Amino acid sequence: LSPPHVERSDAEVLPVDDRWIAVSALWVFGISGFCSMAYEVFWTRLLGLILGPTTYSFSLVVSTFIVGLALGNILFGWLADRVKETFRLLLLTQACAAVLALLVSQFLGNSQFIFSKLMYSFQADFEQRILIQSTALFLVLVGPTIFLGATFPLVSRIYARSLPQIGRSIGTAYAVNTTGAILGALAAGFLFIPLLGKEDGIRLT
C-alpha cells in the first residue's frame, strides 16, 4: 500500500509573494487588535466626560464593539469570498477604521455641550435619557468598529490557504491578534494617557 498523502505546510506550498502577503496580514491583524483595545480605553475615558464616570460608559463601549465587530465579520466575511484583491481590501478597511476613529474621537471630545443639553432636557426621566444617549453614541461609535471587525474574515481568507492547516493557521492569527489587544490595552491605559494625554494618544494610535 502506498503511504497516505501528507499535506505540506503553508510555507512549502505558497510562493514567496503570497508568503509575504500572509505575514503582512498577520501584522495587520496584530496592529488592529492593538488599536481596537486602545480605542476602547480612550473612548471609555471620553464617554466619562459625557455620561459621567459610571458603568454606563464602559458598558456602552464594550457592547458597541461586540456588535460592530460581529457586523464587520458578517459583512466582510461575505465580501472575502467575492473579491480577488483581499489584502488590498484589508488595508482599505483599516484605513477607513483609522479615519473614522479620529472623527469619532474628535466628536466625543467636543460634544459635552450637546449631551449636557440633552441631559438637562430629560432630567426628569432617567431611563429615557440613558436610552437616547446610548442610542446616539452607539450610532457614532459603531462605524469604526465595523471596519475593525473586517480583519478576522479577511486575514483568515489570506492566511488560511490550506484546509488541513486551517486550525493551526486560525490559531496563529488569533494569537497574534490577542497579543496585540493585550498590548493595546496596556499601552493606552499606562503609557499613552498618562504620558501623552487622550488627544495625542488617540492620534498616535
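The present account deals with the structure reproduced in this document. (Residues numbered from 1 in each chain as written. Predicted model: local features only at pLDDT ≥ 70, side-chain atom pairs only at ≥ 80, totals over all residues. Heavy atoms only, no water.)

With that settled, consider the packing of aromatic side chains. Tallied over the entire structure, the rule returns eight aromatic pairs. For the pair phenylalanine 29 and tyrosine 174, a centre-to-centre distance of 6.5 Å together with 55° between the ring planes defines the contact as tilted. In this pair, phenylalanine 29 is assigned in helix H2 (residues 16–51) and tyrosine 174 in helix H8 (residues 166–204), connecting sequence segments 145 residues apart. For tyrosine 174, a relative accessible area of 42% corresponds to the partly exposed category. Judged by centre distance (6.3 Å) and plane angle (65°), the ring pair of phenylalanine 34 and phenylalanine 192 falls under edge-to-face. Placement of phenylalanine 34 in helix H2 and of phenylalanine 192 in helix H8 is noted, with a sequence separation of 158 residues between them. Classification of phenylalanine 192 by relative accessible area gives buried; the value is 13%. Members of the aromatic cluster, each reached through a chain of ring pairs, are Phe29, Phe152 and Tyr174. (Phe/Tyr/Trp six-rings, centres within 6.5 Å; stacked < 30°, edge-to-face > 60°. Helix = DSSP H or I, 4+ residues; strand = E, 2+ residues; numbered from the N terminus. Buried < 20%, exposed > 50% of the residue type's maximum accessible area, 1.4 Å probe, protein only.)

All right, on to the packing of helix H3 (residues 55–80) against helix H7 (residues 151–159) then. Interaxial distance between H3 and H7 falls to 7 Å at its minimum, and their mutual angle equals 30°. In this view, H3 runs roughly parallel relative to H7, as classed from their interaxial angle. Seen from H3, the contacting residues are Gly72, Asn73, Phe76, Gly77 and Ala80; seen from H7, they are Phe152, Pro153, Leu154 and Arg157. In the contact of H3 with H7, the residues fall into five nonpolar, three polar and one charged. (Axes fitted to C-alpha atoms, helices over the stretch in contact; angles between N-to-C directions. Parallel < 35°, antiparallel > 145°, perpendicular 65-115°, else oblique. Contact = heavy atoms within 4.5 Å. Nonpolar A, V, L, I, M, F, W, Y, C, P; charged D, E, K, R; others polar.)

A separate point is H7. Taking burial as the measure, the nine residues of H7 include seven buried ones, the bulk of the element. Within H7, the full set of buried residues consists of Thr151, Pro153, Leu154, Val155, Ser156, Ile158 and Tyr159.

Scanning the entire structure with this criterion turns up three salt bridges. A salt bridge links glutamate 199 to arginine 203; its shortest N-O distance comes to 2.7 Å. Of this pair, glutamate 199 and arginine 203 both sit in helix H8, four residues apart, roughly one helical turn. Given the relative accessible area of 53%, arginine 203 is considered exposed. The partner of aspartate 200 in a salt bridge is arginine 203, with the nearest N and O atoms 3.2 Å apart. Taken as a pair, aspartate 200 and arginine 203 lie in helix H8 at a separation of three residues, close to a single helical turn. A relative accessible area of 39% means that aspartate 200 is categorised as partly exposed. Overlapping salt bridges, with partners in common, bring together Glu199, Asp200 and Arg203 in one network. (Salt bridge = Lys/Arg side-chain N within 4 Å of Asp/Glu carboxyl O.)

The next thing to look at is the nonpolar core. Inside soluble globular proteins, nonpolar side chains tend to come together where they are buried. The biggest cluster of nonpolar side chains holds 24 residues, and the ones touching the most others in it are Tyr39, Phe42, Trp43, Leu47, Leu108 and Leu141. Mapped by element, the contributors of at least two residues to this core are H2, H3, helix H4 (86–109), helix H6 (126–148) and H8. Core analysis: the second largest hydrophobic core is formed by 16 residues, Ala25, Val28, Phe76 and Leu89 among them. (Core = buried A, V, L, I, M, F, W, Y, C linked by side-chain atoms within 4.5 Å.)

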